[in-house]
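A look at the structure
Here is what each chain is made of, one letter per residue.
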Amino acid sequence: MGFKPVGTWNEGDWIAAVGAVALFAVLAFGLTLSSRKSEEVVGHPKGLFVLFYAEMWERFSYYGMRALLILYLTKFWLFDDGKANLIYGAYTALVYITPVLGGYLADRYLGQRKAVIFGGILLAIGHGFMAFEGMTGVTDPLVKQADPIINVFWLALALIIVGSGFLKANISVIVGQLYKLTDTRRDGAYTLFYIGINTGAALGTILVGYLGETVGWAYGFGLAGIGMVLGMIIFVAGKPALRGRGEPPKTLAKNTEFALYAVGTASVAVIWFLIQYQSVVQTALIISGIAMLIYTLYEAFKLPKEPRERIFAILFLIALNPVFWGLFEQAGGSLSLYTDKFVDRGGVPTSLFQSVNPIYIVLLGPIIAMLWTTLGKKGLEPSAPAKFAMALALVGAGFLVFVLGARGAGVGAATPVLFVFLIYLLHTTGELFLSPVGLSAMNRLAPLHLASFIMGAWFYMTAVGNFVAGKIGEATGGENGEMTQAGTLDIYWEIGVVAIVIGGVVLLLSPIVKRWMHVDTLEDHGELAGQSELGEPEAAGFSTSGETR
């Protein structure tokens, strides 16, 4: 691997160089903070910055690997475009289901800190296995996919999925445990933590994606693995700064602890099977979803009128979740493949474009937060269902603008890169209209005895949305599995129109749903489960506002 003379650098090389400089700057700042002897740094507990950097590296590795995944499936393992999208959809769906297991075991037994360490170990091993490539130079897909090393690839995905389940939500919970419920610094702490998430997501996408596409897959995935290891080293070394937070709720016997790790490890085998048989994932999602709906309705009809109607409002909002994420999550699937095949990228590697979303979130999040605050003071803030309607309209408009731009350039001609930035802009704005608002609504409207279940249902339907995204992406592959520009643009136009129509219907129904919410008679029972917790911008999505989620 030789070093390219600066005079021969293209746009992609310069972006990667800027990303590397930014990463070193972030690390230098971290070293400066860690050298301070005081218990607090810039007005916050030192533990916050331990969590900031641990989560930054974890998101660096996760999103870097995610940016490469669809390209790796099609260009290295030679899956056709349709099948690759389906695998991608199943993978991202499972990533959003496993936190149910990881969160439950942490709350009841392990405590968040040990769950994060266990998840980090699984993630590091999984990213390491992604660097095993097997046969190279093979052009026959059937021969390539018969390579026994593909089982190592499935194992790598399974380890990353289960590892994310143990780490994903639990590290966010520890942030809240560093502060008292009445501490006015909590919102600022989560904003800083959120910046860490998006910093890692953006830099990981740029650097891991660049290495993977321009130097070699193993180099990209290897860097993701190194990032994960660094995150765990910071987390383990920073234990004293956590001030005993995230520990088990009661003394945990060693044999019980190891039994729990065995359960987590055994779940890797289950996921290893599921990721290979996507139809089983689909069936399980449908059956589980129907069961959750029946249980929710059963609980609702035992309640008095107002809380019962709040459950109806929750179900209405949750039902829109898979619609939005099914469209939004084309970013890592079909949109990435389209960008690779049909966009005038000017020398920029395809995977780097996925850094646009977290960058937009950091830029737009404060603006959206201030917008709602300003409108709220004037009594003009839209209701939650109205914001959902606008989010659906924005994601639909993103596809329509993209299609119009591509067709304006001429089908068969390269799509101008401007329209990739525009679709991400509209979709990210829609994300900020829906995700924090939806989580806030779940927290506010759910009865206390169903709070955790409702939050789980929200994330479950996010997982369904990710699987729907895979099915839509599969359709862009057409009958023979090979994506065409005209066929993909036709599908994008159709889903864009459908999203706007659904958004219009939701807007018309929003006054009814708002009445079901009975916001004026809500009583403050204190903080609900998950109210202050934060996640990454993709799929669950969060804003920089202090709004509860």
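This structure is a prediction, so every number in the text was calculated from the model and none was measured. (Residues numbered from 1 in each chain as written. Predicted model: local features only at pLDDT ≥ 70, side-chain atom pairs only at ≥ 80, totals over all residues. Heavy atoms only, no water.)

Digging into the overall build of the protein chain
Scanning the protein chain from terminus to terminus reveals 19 helices and four strands. In terms of overall dimensions, the protein chain is globule-like: its C-alpha atoms have a radius of gyration of 23 Å, near the 24 Å expected for 549 residues. The C-alpha extent of the protein chain, read off along each of the three principal axes, is 65 × 55 × 45 Å. A buried classification covers 56% of the 549 residues belonging to the protein chain. Considering only residue pairs separated by 6 or more positions, the protein chain has 83% of its internal contacts joining residues 24 or more positions apart. When the accessible surface of the protein chain is totalled, it reaches about 21,500 Å², and 68% of it is carbon and sulfur. Each charge class in the protein chain was averaged separately, 36 positive and 38 negative side chains, and the resulting centres sit 8 Å apart. (Helix = DSSP H or I, 4+ residues; strand = E, 2+ residues; numbered from the N terminus. Rg over C-alpha atoms; globule rule 2.2 N^0.38 Å. Buried < 20%, exposed > 50% of the residue type's maximum accessible area, 1.4 Å probe, protein only. Contact = heavy atoms within 4.5 Å. Areas by Shrake-Rupley, 256 points an atom, 1.4 Å probe, with all protein chains shown as cover. Lys, Arg positive; Asp, Glu negative; His and termini not counted. Charge placed at Lys NZ, Arg CZ, Asp CG, Glu CD.)

Re unusual backbone geometry
Located in the positive-phi region is Arg-243, a residue other than glycine, with phi close to 55°. Its place among the elements puts Arg-243 in the loop between α10 (217–237) and α11 (254–276). Assessed through its relative accessible area of 34%, Arg-243 is described here as partly exposed. In this model, His-518 sits at a positive phi of 45°, which is unusual for a non-glycine residue. With respect to the secondary-structure elements, His-518 resides in the segment after α19 (485–517).

A look at the packing of helix α7 (residues 150–167) against α11
In a packed pair of helices, the relevant descriptors are the angle between the two axes and the axis-to-axis distance. At a closest axis distance of 8 Å, the pairing of α7 and α11 adopts a crossing angle of 125°. With respect to α11, the axis of α7 lies oblique. The handedness of the crossing between α7 and α11 is right-handed. The residues of α11 that touch α7, namely those facing Asn-151, Trp-154, Leu-155, Leu-157, Ala-158, Leu-159, Ile-161, Val-162 and Phe-166, are Gly-264, Ser-267, Val-268, Ile-271, Trp-272, Ile-275 and Gln-276. Considered class by class, the residues forming the contact of α7 with α11 number 12 nonpolar, four polar and no charged. (Axes fitted to C-alpha atoms, helices over the stretch in contact; angles between N-to-C directions. Parallel < 35°, antiparallel > 145°, perpendicular 65-115°, else oblique. Left-handed = near helix turned anticlockwise from the far one by under 90°. Nonpolar A, V, L, I, M, F, W, Y, C, P; charged D, E, K, R; others polar.)

Description of the environment of Asn-466
Within the secondary structure layout, Asn-466 lies in helix α18 (residues 451–476). Distance from Asn-466 to Gly-89, taken between C-alpha atoms, is 5.4 Å for residues 377 residues apart in sequence.

What to know about α11
A rise of 1.5 Å per residue sets the reference length of α11, with its 23 residues, at 33 Å; its end C-alpha atoms lie 34 Å apart and thus fit the reference within 8%. Where α11 is concerned, the buried positions are Glu-257, Leu-260, Tyr-261, Gly-264, Ser-267, Val-268, Ile-271, Leu-274, Ile-275 and Gln-276. Among the structural elements, α3 (81–95), α4 (99–110), α5 (112–129), α7 and α12 (278–300) are those in contact with the buried residues of α11. (Expected span 1.5 Å × (residues − 1).)

Side note on the packing of aromatic side chains
On inspection of all chains with the given rule, the structure shows 30 aromatic pairs. Both rings, one in Tyr-72 and one in Trp-77, keep their centres 6.5 Å apart while their planes meet at 85°; by these two values the pair is edge-to-face. Taken individually, Tyr-72 and Trp-77 each receive the classification buried, so the pair is uniform in this respect. Linked through ring pairs, Tyr-72, Phe-76, Trp-77, Phe-79, Phe-153, Trp-154, Trp-217 and Phe-221 together constitute an aromatic cluster. (Phe/Tyr/Trp six-rings, centres within 6.5 Å; stacked < 30°, edge-to-face > 60°.)

Concerning the nonpolar core
If you look at the biggest cluster of nonpolar residues, it comprises 161 residues, and the most contacted ones within it are Tyr-91 and Phe-153. The greatest single-element share of this core, amounting to 18 residues, is contributed by helix α2 (residues 46–75). Not counting chain neighbours up to four residues away, the residues in contact with Phe-153 comprise Leu-69, Tyr-72, Leu-73, Trp-77 and Met-130. (Core = buried A, V, L, I, M, F, W, Y, C linked by side-chain atoms within 4.5 Å.)

Overview of the pattern of salt bridges
Two side chains carrying opposite charge are able to pair once their charged atoms lie near each other. All chains considered together, the criterion is met by 15 salt bridges. For Arg-407, the salt bridge goes to Asp-490, with nearest N and O atoms at 2.7 Å. Residue Arg-407 is found in helix α16 (residues 384–409), and its partner Asp-490 is found in helix α19; the two are separated by 83 residues along the sequence. The exposure class of Arg-407 is partly exposed, given its relative accessible area of 36%. Under the relative-accessibility criterion, Asp-490 is labelled partly exposed at 39%. Among the ionic contacts, a cluster of salt bridges with common partners joins Lys-75, Asp-340 and Arg-345. (Salt bridge = Lys/Arg side-chain N within 4 Å of Asp/Glu carboxyl O.)

Concerning the side chain of Ser-510
Among the structural elements, Ser-510 can be located in helix α19. With a relative accessible area of 7%, Ser-510 lands in the buried category. At 2.6 Å, the side chain of Ser-510 forms a polar contact with the backbone oxygen of Leu-507. Excluding residues within four positions of it along the chain, Ser-510 makes contact with Ser-383, Pro-385 and Ala-386. (Polar contact = N/O pair within 3.5 Å; in protein donor to acceptor, adjacent residues only side chain to side chain.)

Quick notes on the confidence of the model for the protein chain
Chain-level pLDDT for the protein chain is 85 on average; 93% of the residues reach the 70-or-more range. Ranking the elements of the protein chain by mean pLDDT puts strand β1 (residues 40–41) last, at 70, and α16 first, at 95. Scored below 50 in pLDDT, residues 525–549 makes 103 contacts in the model with residues more than four places away or belonging to other chains. (pLDDT = per-residue confidence, 0-100.)

Brief notes about a nonpolar patch on the surface
Taken together, the side chains of Leu-404, Trp-493, Val-497, Val-501, Val-505, Leu-509 and Ile-512 define a hydrophobic patch exposed on the protein surface, amounting to about 550 Å² of accessible area. Take the nonpolar patch: its biggest share by element is six residues, from α19. (Patch = residues over 30% accessible without salt bridge, like charges linked within 9 Å, V, L, I, M, F, W, Y side chains within 5 Å.)

Concerning α7
Compared with an ideal rise of 1.5 Å per residue, which puts 18 residues at 26 Å, α7 spans 26 Å between its outermost C-alpha atoms and is within 8% of the ideal. With 15 of 18 residues buried, α7 lies mostly within the body of the structure.

A word on the side chain of Thr-205
Examined against the element boundaries, Thr-205 turns out to sit in helix α9 (residues 186–214). Only 2.7 Å separates the side chain of Thr-205 from the backbone oxygen of Ala-201, close enough to count as a polar contact. Setting aside chain neighbours within four positions, we find Thr-205 in contact with Tyr-63, Gly-64, Ala-67, Tyr-210, Ser-351, Leu-352, Gln-354 and Ser-355.

Overview of the environment of Ser-440
The topology assignment puts Ser-440 in helix α17 (residues 418–445). Considering only alpha carbons, one finds Ser-440 and Ala-224, 216 residues apart in sequence, at a separation of 32 Å.

Brief notes about the environment of Arg-185
Checked against the element boundaries, Arg-185 lands in the loop between α8 (170–177) and α9. For Arg-185, a relative accessible area of 25% gives the class partly exposed. With 141 residues separating them along the chain, Arg-185 and His-44 place their C-alpha atoms 7.6 Å apart. If sequence neighbours within four positions are ignored, Arg-185 has contacts with Glu-40, Gly-43, His-44, Pro-45 and Tyr-179.

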